[in-house]
Amino acid sequence: MRDSVLAALAAALLWTALSLLILPEERPAADRASVPAKREETEAEIPVRTEAVPTEEQDFDPAYSLAVLTPDGVQTMDLHSYLTGVLLAEMPVSFGEEALKAQAVACRTYTLERCRNSRHAEAAVCTDSHCCQAWTAPADATPDARKQAEAAVSATDGLVLLYQGALIDATFFSCSGGRTEDAAAVWGSDLPYLKAVASPGEDAERFSNELRVPLEDFRAVLETLDGEIRFSGDPGTWLESVQYTAGGGVASMRLCGRVFRGTVLRKAFSLRSTVFTLSLNREEAVFASRGNGHRVGMSQYGAAAMAQAGNDYETILKWYYRGVELSRADTLFAPS
Ligand SMILES: [Zn+2]
């Protein structure tokens, strides 16, 4: 037992040392804490579309109910059941207990933020991963997976992430390819807790991908994006320069005198992430990409690697969301 504790400690120290070696400037910085949060609407009280408000005497999640838009219609469920279903859909239980707990806190934070700023008229959240968060009915999971997901939700009951007292936008994604991304680089607006950080130990090779596009198709897509573009000469000379983001993604590429944003190219060619290279020859355009997802916030494969190295969920969360605090959601409710 003692040996395993020492091994976990050594692994955690090694992970920390590795991170320091890679990017010493990415340690939590006190100066970032003084940057004001931009979202003034988060000053409002939380209970929107809730039918029950928990009191301090009871567990938070089972007493908080919300409307969820599922393929079968709107279902009202308690936060504990909802988050268990989200966890089962969003992260394999094999990622480890602390990664699951980190995911539970991120999803709870995201959910409560959505309860206040919903994209849906009839519900707080939907079960579409491209819009809100994926969700699977806990009853459809195996008993073992359900037990592990429920345990992670229960162990973090009511815990959320705050930045300067307000719920954060706790975005997460699959795999960064080595480094996460500034929110501003992807969505255009800066958030002080969503900054590019190293994400060592990810199983990044899993998402390495090569996409070959016939040259005529490549030209047609670029012409759709920019009607002013004119192609001439050897395709090998078309790519003139590349600008990179702080997170190592493509900020922009200059092709035949025209500039294309990395996020635009990612979407146009359905690339897995903005971490990609492009090479051109007379027959085809070849994209080689790493990572998977928008790369802003917590990397799920990175969280798994940190958990495996012996880090707890709070350490994982505070690594990917800089300058945040872990707090009980009860504190966000106005005293009755
Ligand atoms: Zn939605």
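As a starting point, this report considers the structure included with it. Only a predicted model underlies this, so the values are computations on that prediction, with no experimental measurement involved. (Residues numbered from 1 in each chain as written. Predicted model: local features only at pLDDT ≥ 70, side-chain atom pairs only at ≥ 80, totals over all residues.)

### Focus on the pairing of strand 4 (residues 159–163)
Within strand 4, five of the five residues are buried, leaving the element largely enclosed by the surrounding structure. Neither face of strand 4 is open: one carries Leu159, Leu161 and Tyr163, the other Val160 and Leu162, and all of them are buried. With four bridges joining them, strand 4 and strand 14 (residues 325–328) adopt antiparallel strand pairing. Among the inter-strand pairings, Leu161 is bridged to a residue of strand 14, identified as Leu326. Sheet topology places strand 4 next to strand 5 (residues 166–167); two bridges connect them, and they run antiparallel. Bridge pairing in strand 5 links Leu162 to Leu167. Hairpin connection of strand 4 to strand 5: two residues between the antiparallel strands, including Gln164 at a positive phi of 50°. (Buried ≥ 20, exposed ≤ 12 C-beta atoms within 10 Å, placed from the backbone. Helix = DSSP H or I, 4+ residues; strand = E, 2+ residues; numbered from the N terminus. Pairing = 2+ DSSP bridges.)

### Brief notes about the sheet that holds strand 7 (residues 209–214)
In spatial order, the strands read 7-12-11; together these three strands make up an open sheet with antiparallel pairing. Two strands in the sheet have a free side with no partner beyond their single neighbour: strand 7 and strand 11 (275–280). When the angles between neighbouring strand axes are averaged without regard to direction, this sheet yields 20°. With six bridges connecting them, strand 11 and strand 12 (residues 284–290) associate as antiparallel partners. (Axes fitted to C-alpha atoms, helices over the stretch in contact; angles between N-to-C directions.)

### With respect to the nonpolar core
Core analysis: the largest hydrophobic core is formed by 71 residues, its most contacted members being Leu87 and Ile316. Per-element tally for this core: the top contributor is helix 5 (residues 97–116), with ten residues. Leu87 has contacts with Leu100, Gln103, Ala104, Cys107, Ala149, Ala152 and Val153, leaving out every residue within four places of it along the chain. Core analysis: the second largest hydrophobic core is formed by 13 residues, Trp238, Met253, Leu271 and Ala285 among them. (Core = buried A, V, L, I, M, F, W, Y, C linked by C-beta atoms within 7 Å. Contact = placed C-beta atoms within 7 Å.)

### Observations regarding the packing of helix 5 against helix 10 (residues 300–308)
Taken N-terminus to C-terminus, the directions of helix 5 and helix 10 make an angle of 140°; their axes are 7 Å apart at the nearest point. Compared by their axis directions, helix 5 and helix 10 come out oblique. Note on packing geometry: the crossing formed by helix 5 with helix 10 is right-handed. Between helix 5, through Glu98, Ala99, Ala102 and Gln103, and helix 10, the contact on the second element is made entirely by Gln300, Ala303, Ala304 and Ala307. For the contact of helix 5 with helix 10, the per-class residue count stands at five nonpolar, two polar and one charged. (Parallel < 35°, antiparallel > 145°, perpendicular 65-115°, else oblique. Left-handed = near helix turned anticlockwise from the far one by under 90°. Nonpolar A, V, L, I, M, F, W, Y, C, P; charged D, E, K, R; others polar.)

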